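Listed below are the residues making up each chain.
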Amino acid sequence: MSVLPLVFTSGWASGVNAYAVVLLLGIFGATGLSDEVPAALQRPDVLIAAGVLFLCEAVADKIPYVDSAWDAVHTVIRPIAGAVVAALLAGQSGSVPELAAGAVGGSTALLSHLVKAGTRMAVNSSPEPFSNIVVSLAEDLGVAAIITFAIFNPVAAAVIAGALLVAGLFLLYFLVSRIRRFLRRRAERRAERRAGKRLPQPMAQGPG
């Protein structure tokens, strides 16, 4: 069977949490649950590094504004990770050219990353921090569930990942206006505070 469905699903998941994808695939390969996982992802040093970075992301991803800064840094990392994982999967299978698989995995990871980053900016417009925690937990559980499902039923998992990607892009389209309003209001408040500081203070008048 072609490895392309697993490539597409891993690309989508890498755009959300690349370290979780590497960690899960490596564990599935090392435990013998899947023959599709290349040996490079099963190495102990790769699993340890992925585990440590996953824990770092699990913390940073749940703190308002820190999550957006983390996403900004990973705008390059997640698509590259998606492309590398896809190319490794293709090389292990031999059913899809590695370059084509890398292009699919990288571009899918970039799109899902943009959806995640845009959604987080919209969530950060809410004053309470609990929504960040809820969204982050949902993303982590979603990635774990779909990668696990993809190991046993890659075609169905790819269909779900595609539906989530399309839905996310539509959601991002509607959230753009909210993000712009939030950024505009924040800029206006900053301008008002700066203008208030520049206003001359009234002079105190003496007696009589």
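Residues numbered from 1 in each chain as written. Predicted model: local features only at pLDDT ≥ 70, side-chain atom pairs only at ≥ 80, totals over all residues. Heavy atoms only, no water.

A. Structural context of the overall build of the chain. Of regular secondary structure, the chain possesses six helices and zero strands. When its helices and strands are written in sequence order, the chain yields α-α-α-α-α-α. When burial is assessed residue by residue, the chain has 42% of its 208 residues classed as buried. For the chain, long-range pairs separated by at least 24 residues make up 74% of all intrachain contacts whose partners lie at least 6 apart in sequence. If you sum the accessible surface of the chain, you get close to 11200 Å²; carbon and sulfur atoms cover 72% of it. (Helix = DSSP H or I, 4+ residues; strand = E, 2+ residues; numbered from the N terminus. Buried < 20%, exposed > 50% of the residue type's maximum accessible area, 1.4 Å probe, protein only. Contact = heavy atoms within 4.5 Å. Areas by Shrake-Rupley, 256 points an atom, 1.4 Å probe, with all protein chains shown as cover.)

B. Just helix H5 (residues 130-152), in detail. Helix length check: H5, at 23 residues, gives a terminal C-alpha distance of 34 Å against a target of 33 Å (1.5 Å per residue), a fit within 8%. Among the residues making up H5, those that are buried are Ser131, Asn132, Ser136, Glu139, Asp140, Val143, Ile146, Ile147, Ala150 and Ile151. (Expected span 1.5 Å × (residues − 1).)

C. Fine view of the packing of helix H1 (residues 4-30) against helix H3 (residues 66-93). With their axes 8 Å apart at the nearest point, H1 and H3 run at an angle of 110 degrees to one another. What the angle tells us is that H1 and H3 run roughly perpendicular. Viewed along their axes, H1 and H3 form a crossing whose handedness is right-handed. For the pair H1 and H3, contact is made by Leu6, Val7, Ser10, Ser14, Gly15, Val16, Ala18, Tyr19, Val22 and Leu25 and by Trp70, His74, Ile77, Arg78, Ala81, Gly82, Val85, Ala86 and Leu89, respectively. For the contact of H1 with H3, the per-class residue count stands at 13 nonpolar, five polar and one charged. (Axes fitted to C-alpha atoms, helices over the stretch in contact; angles between N-to-C directions. Parallel < 35°, antiparallel > 145°, perpendicular 65-115°, else oblique. Left-handed = near helix turned anticlockwise from the far one by under 90°. Nonpolar A, V, L, I, M, F, W, Y, C, P; charged D, E, K, R; others polar.)

D. Summary view of the packing of helix H2 (residues 44-60) against H3. Two elements in contact, H2 and H3, have axes whose closest approach is 9 Å; the angle formed by their N-to-C orientations is 140 degrees. When the axis of H2 is compared with that of H3, the two are oblique. Residues Cys56, Glu57 and Ala60 of H2 pack against Val66, Asp67, Trp70, His74 and Arg78 of H3.

E. Geometry of the pattern of salt bridges. For the structure shown, the criterion picks out ten salt bridges. The salt bridge partner of Lys62 is Asp140, with a shortest N-O separation of 3.2 Å. Taken together, the residues span a long stretch of sequence, with Lys62 in the loop between H2 and H3 and Asp140 in helix H5 at a distance of 78 residues. With respect to burial, Lys62 and Asp140 carry one shared label: buried. A salt bridge links Asp67 to Arg120; its shortest N-O distance comes to 3.0 Å. Remark: Arg120 occurs in helix H4 (residues 98-123) and Asp67 occurs in helix H3; sequence separation between them is 53 residues. When sorted by exposure, Asp67 lands in the same class as Arg120, which is buried. Look at the salt bridges and you will find they share partners, linking Glu57, Asp61, Asp67, Asp71, Arg78, Lys116, Arg120 and Glu139 into a network. (Salt bridge = Lys/Arg side-chain N within 4 Å of Asp/Glu carboxyl O.)

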